[in-house]
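Here is what each chain is made of, one letter per residue.
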Amino acid sequence: MSNLDRAPVPSVCGGRGFVVAEPVRELLSPRHVKLGESTEVRRLLPNLGRRMIGAWAFVDHYGPDDIAGEPGMQVPPHPHIGLQTVSWLHEGEVLHRDSTGSLQTIRPKQLGLMTSGRAISHSEESPRSHARFLHGAQLWVALPDEHRHTEPMFEYHADLPTVTAPGLTATVILGGLDGSSSPGTTFTPIVGADLALTRGTDVRLPLERDFEYGVLAMSGEVHVDGVPVLPGSMLYLGCGRTELPLRAESDAGIMLLGGEPFAEELIMWWNFVGRTQQDIEQAREDWTTGSRFGEVKGYDGAPLRAPELPPVPLKARGRVR
């Protein structure tokens, strides 16, 4: 998914200097962003108070949106470098196309994982005949320097492992959780899991002490370590935890995001993750001139035009607050 802001603000992120090394309860409020004509998203990362959680660098939550009789999601071809995109749905479907030739419809609890590597372009759209409701999350994972120039690729995993406990079913999206591992390709120590809880569930989820974590609330009412987290908001949890208390006041859905704190310093602008201003400038130039990113075939519409770069120099720094 694209960042469709026409005047995107550079985000400086990464580095371990500002990682919270102990358990905290830091509630992040979303910023509302229009995505095309009919979809509004709640952007949780990057956030004014928190830039990254592990290698997770971008989180949008959208829906549930009633798109009966509407075009739904319509994101024209656009470029990416230096990251992976994770498409995750609770309701509806999204048709993915990219410049490697991939064409795949992604449905609820199925993983669409795109590794941009050195350069890729893709589009996302609701199929012409689609379900009434659209509800999901779109996430980016920053690639470490040694892998950010790898060949682009797309993975689709319809069947993912689960972890169960009374009242809880956790689908492992990326990385590993409680002994179960996702088949999705990862490049850093990371975890992403979708948790479905039934009303009245009171459980403790095992965690890795050296990871930092956040919880994105998708639906329902859930208390995370005693903090009520409403749909469309995120609770940052810091590091140093070996378990996470969860209590569901209703049937609820949340996403657990975590990983080893990302050591490298990054610049994220528009749909690019780089290390220097030259990285970003070259990517924008290559997209504008039609080189490097390939062609998305079959999408009915023109590619997105790159916005203008800001007049101030871009400089990678740590995960400033």
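In the annotation of an unreviewed UniProt entry, the entry for the protein reads Pirin-like protein, and the organism field reads Streptomyces collinus. Looking at the protein in UniProt, the text filed under Sequence similarities (unreviewed entry) is "Belongs to the pirin family."

Caption draft 1: How the structure looks around the overall build of the protein. Tallying secondary structure elements over the protein gives 1 helix and 26 strands in all. Since a compact globule built from 321 residues should have a radius of gyration of about 20 Å, the 18 Å found for the protein is in line with a globular shape. On the principal axes, the C-alpha backbone points of the protein span a range of 55 × 45 × 30 Å. Looking at the protein residue by residue over its 321 residues, the buried ones come to 59%. For the protein, restricting intrachain contacts to residue pairs at least 6 apart in sequence, the fraction spanning at least 24 positions comes to 75%. Carbon and sulfur atoms provide 47% of the accessible area of the protein, an area that totals close to 12,900 Å². Taking the average place of the 30 positive charges on the side chains of the protein and the average place of its 40 negative ones, the gap between the two points comes to 4 Å.

Caption draft 2: Focus on the packing of aromatic side chains. By the definition in use, this model includes 7 aromatic pairs. Ring geometry for F58 against W140: centres 4.0 Å apart, planes inclined by 15°, an arrangement best described as stacked. Of this pair, F58 sits in strand β5 (residues 56–66) while W140 sits in strand β12 (residues 133–142), placing them 82 residues apart in sequence. Take F58 and W140: they sit in the same class, and that class is buried. Judged by centre distance (6.0 Å) and plane angle (40°), the ring pair of F211 and Y213 falls under tilted. The same class applies to F211 as to Y213, namely buried. Ring pairs connect the aromatic residues W269, W270, F272, W287 and F293, which therefore count as one cluster.

Caption draft 3: The arrangement of the UniProt feature "binding site: Fe cation" (unreviewed entry) in the protein in detail. Here, the residues flagged by UniProt with the feature "binding site: Fe cation" (unreviewed entry) are H78, H80, H122 and E124. Spanning 47 residues, the annotated positions come together in the fold, the maximum distance between their C-alpha atoms being 13.4 Å. Relative to the assigned elements, H78 resides in strand β6 (residues 74–80). H78 gets classed as buried once you look at its relative accessible area, which sits at 0%. Separated by 3.3 Å, the side chains of H78 and H80 make a polar contact. Inspection of the secondary structure assignment puts H122 in strand β11 (residues 120–125). On the basis of relative accessible area, H122 is assigned to the buried category, the value being 0%.

Caption draft 4: Layout of the pairing of strand β14 (residues 162–165). Relative to strand β15 (residues 168–177), β14 runs antiparallel, the two being bridged by 4 bridges. Bridge pairing in β15 places T162 opposite T171. If you look at the hairpin formed by β14 and β15, you'll find 2 residues sitting between the two strands, and G167 has a positive phi there, around 80°.

Caption draft 5: Structural detail: the side chain of H80. Position of H80 among the secondary structure elements: in strand β6. From its side chain, H80 meets the backbone oxygen of N271 in a polar contact 3.0 Å long.

Thresholds, definitions, all that
- Residues numbered from 1 in each chain as written.
- Predicted model: local features only at pLDDT ≥ 70, side-chain atom pairs only at ≥ 80, totals over all residues.
- Heavy atoms only, no water.
- UniProt positions renumbered as here; feature names shortened; annotations may be inferred.
- Helix = DSSP H or I, 4+ residues; strand = E, 2+ residues; numbered from the N terminus.
- Rg over C-alpha atoms; globule rule 2.2 N^0.38 Å.
- Buried < 20%, exposed > 50% of the residue type's maximum accessible area, 1.4 Å probe, protein only.
- Contact = heavy atoms within 4.5 Å.
- Areas by Shrake-Rupley, 256 points an atom, 1.4 Å probe, with all protein chains shown as cover.
- Lys, Arg positive; Asp, Glu negative; His and termini not counted.
- Charge placed at Lys NZ, Arg CZ, Asp CG, Glu CD.
- Phe/Tyr/Trp six-rings, centres within 6.5 Å; stacked < 30°, edge-to-face > 60°.
- Polar contact = N/O pair within 3.5 Å; in protein donor to acceptor, adjacent residues only side chain to side chain.
- Pairing = 2+ DSSP bridges.

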